[in-house]
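The chain contents come next:
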Amino acid sequence: MIEVMRLGHRGERDKRISTHVALTSRALGASNIIFTSSDKHVNGSVDRITESWGGDFKFKVADSWKSYVKEFKKNNGIVAHLTMYGENINEIMSEIINEVYPTGNNNNNNNNNNNNNNNSNEKVPKNLLVIIGAEKVPREAYELADYNISVGNQPHSEVAAIAIFLDRLTMGKNLYSEYEDSTIKVIPCKNGKNVIMNDLEGEYDDFDKECNDENQ
Ligand SMILES: C[S@@+](CC[C@H](N)C(=O)[O-])C[C@H]1O[C@@H](n2cnc3c(N)ncnc32)[C@H](O)[C@@H]1O
(Lines give C-alpha, C1' and ligand atoms only; values in the text may rest on other atoms or scores of the structure.)
Protein backbone atom coordinates (compact mmCIF):
# COMPACT_ATOMS: atom_id res chain seq x y z
CA MET A 1 0.00 0.00 0.00
CA ILE A 2 1.24 3.49 -0.87
CA GLU A 3 0.37 6.44 1.36
CA VAL A 4 1.21 10.08 0.71
CA MET A 5 1.76 12.57 3.52
CA ARG A 6 1.31 16.26 2.71
CA LEU A 7 3.46 17.98 5.29
CA GLY A 8 2.76 21.59 6.27
CA HIS A 9 -0.42 22.25 4.25
CA ARG A 10 -1.37 25.91 4.82
CA GLY A 11 -5.16 25.88 4.52
CA GLU A 12 -6.61 28.52 2.21
CA ARG A 13 -3.24 29.33 0.62
CA ASP A 14 -2.51 25.71 -0.40
CA LYS A 15 -6.01 24.34 -0.94
CA ARG A 16 -5.81 24.16 -4.73
CA ILE A 17 -2.35 22.67 -5.03
CA SER A 18 -2.96 20.29 -2.12
CA THR A 19 -6.10 19.06 -3.88
CA HIS A 20 -3.97 18.42 -6.96
CA VAL A 21 -1.42 16.55 -4.85
CA ALA A 22 -4.24 14.38 -3.47
CA LEU A 23 -5.89 13.67 -6.82
CA THR A 24 -2.56 12.97 -8.49
CA SER A 25 -1.67 10.57 -5.69
CA ARG A 26 -4.99 8.77 -6.17
CA ALA A 27 -4.67 8.60 -9.94
CA LEU A 28 -1.15 7.22 -9.72
CA GLY A 29 -1.77 4.43 -7.25
CA ALA A 30 -1.75 5.74 -3.65
CA SER A 31 -4.41 4.44 -1.25
CA ASN A 32 -4.71 7.53 0.88
CA ILE A 33 -3.42 11.00 1.59
CA ILE A 34 -2.53 12.13 5.08
CA PHE A 35 -2.72 15.77 6.09
CA THR A 36 -1.43 17.27 9.30
CA SER A 37 -4.59 19.35 9.74
CA SER A 38 -8.14 18.90 8.50
CA ASP A 39 -9.25 20.71 5.37
CA LYS A 40 -12.89 20.58 4.28
CA HIS A 41 -12.15 21.79 0.76
CA VAL A 42 -9.53 19.14 -0.04
CA ASN A 43 -11.42 16.41 1.81
CA GLY A 44 -14.64 17.25 -0.09
CA SER A 45 -12.89 17.26 -3.47
CA VAL A 46 -11.26 13.90 -2.78
CA ASP A 47 -14.56 12.36 -1.66
CA ARG A 48 -16.44 13.69 -4.70
CA ILE A 49 -13.87 12.31 -7.13
CA THR A 50 -13.77 8.92 -5.42
CA GLU A 51 -17.56 8.73 -5.37
CA SER A 52 -17.82 9.20 -9.14
CA TRP A 53 -14.59 7.62 -10.30
CA GLY A 54 -14.44 4.73 -7.83
CA GLY A 55 -11.92 3.08 -5.57
CA ASP A 56 -11.51 3.78 -1.87
CA PHE A 57 -8.87 6.49 -1.77
CA LYS A 58 -9.14 8.22 1.60
CA PHE A 59 -8.33 11.65 3.04
CA LYS A 60 -6.84 11.17 6.50
CA VAL A 61 -5.59 13.52 9.21
CA ALA A 62 -2.71 12.64 11.52
CA ASP A 63 -2.62 14.37 14.90
CA SER A 64 1.16 14.19 14.91
CA TRP A 65 3.05 13.66 11.65
CA LYS A 66 6.13 12.54 13.58
CA SER A 67 4.29 9.85 15.54
CA TYR A 68 2.61 8.68 12.33
CA VAL A 69 5.95 8.33 10.54
CA LYS A 70 7.59 6.58 13.51
CA GLU A 71 4.70 4.12 13.81
CA PHE A 72 4.80 3.49 10.07
CA LYS A 73 8.50 2.62 10.29
CA LYS A 74 7.96 0.45 13.36
CA ASN A 75 5.52 -1.58 11.25
CA ASN A 76 8.24 -2.25 8.71
CA GLY A 77 7.11 0.44 6.23
CA ILE A 78 9.53 2.41 4.05
CA VAL A 79 9.50 6.22 4.17
CA ALA A 80 10.52 8.28 1.13
CA HIS A 81 10.69 12.07 1.36
CA LEU A 82 10.65 14.02 -1.91
CA THR A 83 12.97 17.01 -1.79
CA MET A 84 15.09 18.78 -4.35
CA TYR A 85 18.05 18.36 -1.96
CA GLY A 86 17.89 14.56 -1.99
CA GLU A 87 19.55 11.83 -4.01
CA ASN A 88 18.58 11.95 -7.66
CA ILE A 89 15.62 9.70 -8.51
CA ASN A 90 17.51 8.40 -11.55
CA GLU A 91 20.19 6.96 -9.28
CA ILE A 92 18.11 5.66 -6.37
CA MET A 93 14.79 4.47 -7.83
CA SER A 94 15.86 0.92 -8.62
CA GLU A 95 17.02 0.45 -5.00
CA ILE A 96 13.63 1.68 -3.72
CA ILE A 97 11.71 -0.56 -6.12
CA ASN A 98 13.76 -3.57 -4.99
CA GLU A 99 13.14 -2.76 -1.36
CA VAL A 100 9.40 -2.07 -1.68
CA TYR A 101 8.72 -4.90 -4.13
CA PRO A 102 11.16 -7.70 -3.29
CA THR A 103 9.09 -9.97 -5.54
CA GLY A 104 9.57 -7.63 -8.50
CA ASN A 105 5.82 -7.06 -8.65
CA ASN A 106 5.62 -3.28 -8.87
CA ASN A 107 2.38 -3.20 -10.81
CA ASN A 108 -1.02 -1.75 -9.97
CA ASN A 109 -1.04 -1.03 -6.23
CA ASN A 110 -4.60 0.15 -5.84
CA ASN A 111 -6.41 -1.30 -2.86
CA ASN A 112 -3.49 -3.55 -1.96
CA ASN A 113 -3.38 -3.77 1.79
CA ASN A 114 0.02 -5.24 2.29
CA ASN A 115 0.48 -7.43 5.25
CA ASN A 116 3.63 -6.00 6.73
CA ASN A 117 4.66 -7.17 10.13
CA ASN A 118 7.65 -6.66 12.33
CA ASN A 119 9.10 -10.14 12.35
CA SER A 120 8.45 -11.21 8.80
CA ASN A 121 11.26 -11.79 6.33
CA GLU A 122 8.79 -12.97 3.71
CA LYS A 123 9.08 -11.46 0.27
CA VAL A 124 5.87 -9.42 0.27
CA PRO A 125 5.60 -5.84 -0.96
CA LYS A 126 6.25 -3.33 1.80
CA ASN A 127 4.08 -0.38 2.66
CA LEU A 128 5.49 2.91 1.43
CA LEU A 129 4.88 6.38 2.86
CA VAL A 130 5.82 9.25 0.55
CA ILE A 131 6.30 12.63 2.25
CA ILE A 132 5.76 15.74 0.19
CA GLY A 133 6.21 19.24 1.60
CA ALA A 134 4.24 22.47 1.37
CA GLU A 135 6.02 25.00 3.56
CA LYS A 136 9.60 24.47 4.80
CA VAL A 137 9.99 20.84 5.75
CA PRO A 138 11.38 20.26 9.27
CA ARG A 139 14.86 18.76 9.58
CA GLU A 140 13.42 15.72 11.41
CA ALA A 141 11.55 14.66 8.28
CA TYR A 142 14.89 14.33 6.47
CA GLU A 143 16.26 12.31 9.36
CA LEU A 144 13.26 10.01 9.75
CA ALA A 145 13.01 9.26 6.04
CA ASP A 146 14.70 6.11 4.75
CA TYR A 147 15.21 7.94 1.48
CA ASN A 148 15.43 11.65 0.61
CA ILE A 149 14.81 11.73 -3.11
CA SER A 150 15.07 14.55 -5.59
CA VAL A 151 13.14 14.62 -8.83
CA GLY A 152 16.01 16.58 -10.27
CA ASN A 153 17.80 19.17 -8.15
CA GLN A 154 15.83 22.16 -9.44
CA PRO A 155 12.90 23.51 -7.43
CA HIS A 156 9.56 22.80 -9.10
CA SER A 157 6.20 21.56 -7.92
CA GLU A 158 4.91 19.05 -5.40
CA VAL A 159 2.42 17.84 -8.02
CA ALA A 160 5.16 17.16 -10.56
CA ALA A 161 7.37 15.53 -7.92
CA ILE A 162 4.68 13.11 -6.69
CA ALA A 163 3.56 12.28 -10.24
CA ILE A 164 7.02 11.45 -11.50
CA PHE A 165 7.93 9.50 -8.36
CA LEU A 166 4.77 7.33 -8.38
CA ASP A 167 4.96 6.79 -12.10
CA ARG A 168 8.58 5.63 -11.88
CA LEU A 169 7.73 3.43 -8.91
CA THR A 170 4.97 1.60 -10.76
CA MET A 171 6.50 1.91 -14.21
CA GLY A 172 3.47 3.56 -15.79
CA LYS A 173 1.04 0.76 -14.92
CA ASN A 174 -1.29 2.95 -12.87
CA LEU A 175 -2.06 4.99 -15.96
CA TYR A 176 -4.43 2.12 -16.83
CA SER A 177 -6.26 2.29 -13.49
CA GLU A 178 -10.01 2.03 -13.46
CA TYR A 179 -12.45 0.92 -10.76
CA GLU A 180 -15.42 -1.41 -10.90
CA ASP A 181 -17.48 0.80 -8.62
CA SER A 182 -17.04 3.97 -10.69
CA THR A 183 -20.18 5.67 -12.02
CA ILE A 184 -18.22 7.29 -14.81
CA LYS A 185 -15.62 5.87 -17.11
CA VAL A 186 -13.58 7.25 -19.99
CA ILE A 187 -12.90 5.16 -23.08
CA PRO A 188 -9.72 6.55 -24.63
CA CYS A 189 -10.24 7.89 -28.13
CA LYS A 190 -8.04 9.58 -30.68
CA ASN A 191 -9.99 12.76 -31.05
CA GLY A 192 -12.89 13.93 -28.87
CA LYS A 193 -14.59 12.42 -25.84
CA ASN A 194 -16.06 9.04 -25.09
CA VAL A 195 -17.54 8.93 -21.61
CA ILE A 196 -19.89 6.28 -20.31
CA MET A 197 -22.03 6.27 -17.17
CA ASN A 198 -22.73 3.25 -14.98
CA ASP A 199 -26.43 2.82 -14.20
CA LEU A 200 -25.39 1.31 -10.84
CA GLU A 201 -26.53 -2.13 -11.96
CA GLY A 202 -23.22 -2.71 -13.61
CA GLU A 203 -24.32 -1.49 -17.06
CA TYR A 204 -22.51 1.42 -18.65
CA ASP A 205 -24.40 3.75 -21.05
CA ASP A 206 -23.00 6.27 -23.51
CA PHE A 207 -22.96 9.66 -21.82
CA ASP A 208 -20.84 11.98 -23.87
CA LYS A 209 -19.74 10.60 -27.17
CA GLU A 210 -18.01 12.81 -29.70
CA CYS A 211 -15.26 10.41 -30.46
CA ASN A 212 -13.81 10.36 -33.96
CA ASP A 213 -11.90 7.14 -33.49
CA GLU A 214 -12.09 4.70 -36.38
CA ASN A 215 -11.73 1.77 -33.96
CA GLN A 216 -14.83 2.57 -31.89
C1 LIG B 1 7.15 24.01 -3.81
S2 LIG B 1 8.14 23.08 -2.74
C3 LIG B 1 8.42 24.13 -1.35
C4 LIG B 1 9.61 23.71 -0.55
C5 LIG B 1 9.90 24.58 0.67
N6 LIG B 1 10.00 25.96 0.31
C7 LIG B 1 11.18 24.07 1.33
O8 LIG B 1 12.16 24.79 1.36
O9 LIG B 1 11.16 22.94 1.81
C10 LIG B 1 7.00 21.93 -2.06
C11 LIG B 1 7.43 20.51 -2.14
O12 LIG B 1 7.58 20.11 -3.50
C13 LIG B 1 8.47 19.01 -3.58
N14 LIG B 1 9.50 19.33 -4.56
C15 LIG B 1 9.71 20.50 -5.23
N16 LIG B 1 10.74 20.39 -6.07
C17 LIG B 1 11.21 19.13 -5.95
C18 LIG B 1 12.27 18.41 -6.56
N19 LIG B 1 13.06 18.95 -7.46
N20 LIG B 1 12.45 17.13 -6.20
C21 LIG B 1 11.63 16.53 -5.27
N22 LIG B 1 10.63 17.17 -4.67
C23 LIG B 1 10.42 18.44 -5.00
C24 LIG B 1 9.05 18.83 -2.17
O25 LIG B 1 8.38 17.78 -1.51
C26 LIG B 1 8.76 20.17 -1.51
O27 LIG B 1 8.69 20.06 -0.12
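See the structure printed just above.
Residues numbered from 1 in each chain as written. Predicted model: local features only at pLDDT ≥ 70, side-chain atom pairs only at ≥ 80, totals over all residues. Heavy atoms only, no water.

I tried to follow the site of the ligand on my own but got confused; where do I start?
Near the ligand lie 16 residues; those nearest to it are Leu-82, Gly-133, Val-151, Gly-152 and Gln-154. One nitrogen or oxygen atom from the main chain of Gly-133 is found 3.1 Å from an oxygen atom belonging to the ligand. Contact with the protein chains hides 78% of the accessible area of the ligand, taken as 570 Å² for the molecule alone. Counting residues per element, the shell around the ligand draws most heavily on strand β4 (residues 78-88), which supplies 3 residues. Here the residues of the shell around the ligand are counted per class, giving 8 nonpolar, 6 polar and 2 charged. (Near = heavy atom within 4 Å. Polar contact = N/O pair within 3.5 Å; in protein donor to acceptor, adjacent residues only side chain to side chain. Areas by Shrake-Rupley, 256 points an atom, 1.4 Å probe, with all protein chains shown as cover. Helix = DSSP H or I, 4+ residues; strand = E, 2+ residues; numbered from the N terminus. Nonpolar A, V, L, I, M, F, W, Y, C, P; charged D, E, K, R; others polar.)

Whenever I open this one, the sheet that holds strand β6 (residues 147-150) confuses me. Can you help?
Strand pairing in a sheet is mediated by backbone hydrogen bonds. Such pairs are either parallel or antiparallel. Taking strand neighbours across the sheet as the criterion, the 6 strands line up as β3-β2-β1-β5-β4-β6 in an open arrangement whose pairing is parallel. Single-partner strands in this sheet number two, and they are β3 (58-61) and β6. The mean inter-strand angle of the sheet, taken between neighbouring strand axes irrespective of direction, is 30°. Relative to β3, strand β2 (residues 32-35) runs parallel, the two sharing 4 bridges. Note on β3: the bridge partner recorded for Phe-35 is Val-61. Packed on one face of the sheet, helix α3 (residues 65-74) meets β1 (2-7), β2, β3, β4 and β5 (128-133) and runs near 155° to β1. (Pairing = 2+ DSSP bridges. Axes fitted to C-alpha atoms, helices over the stretch in contact; angles between N-to-C directions. Contact = heavy atoms within 4.5 Å.)

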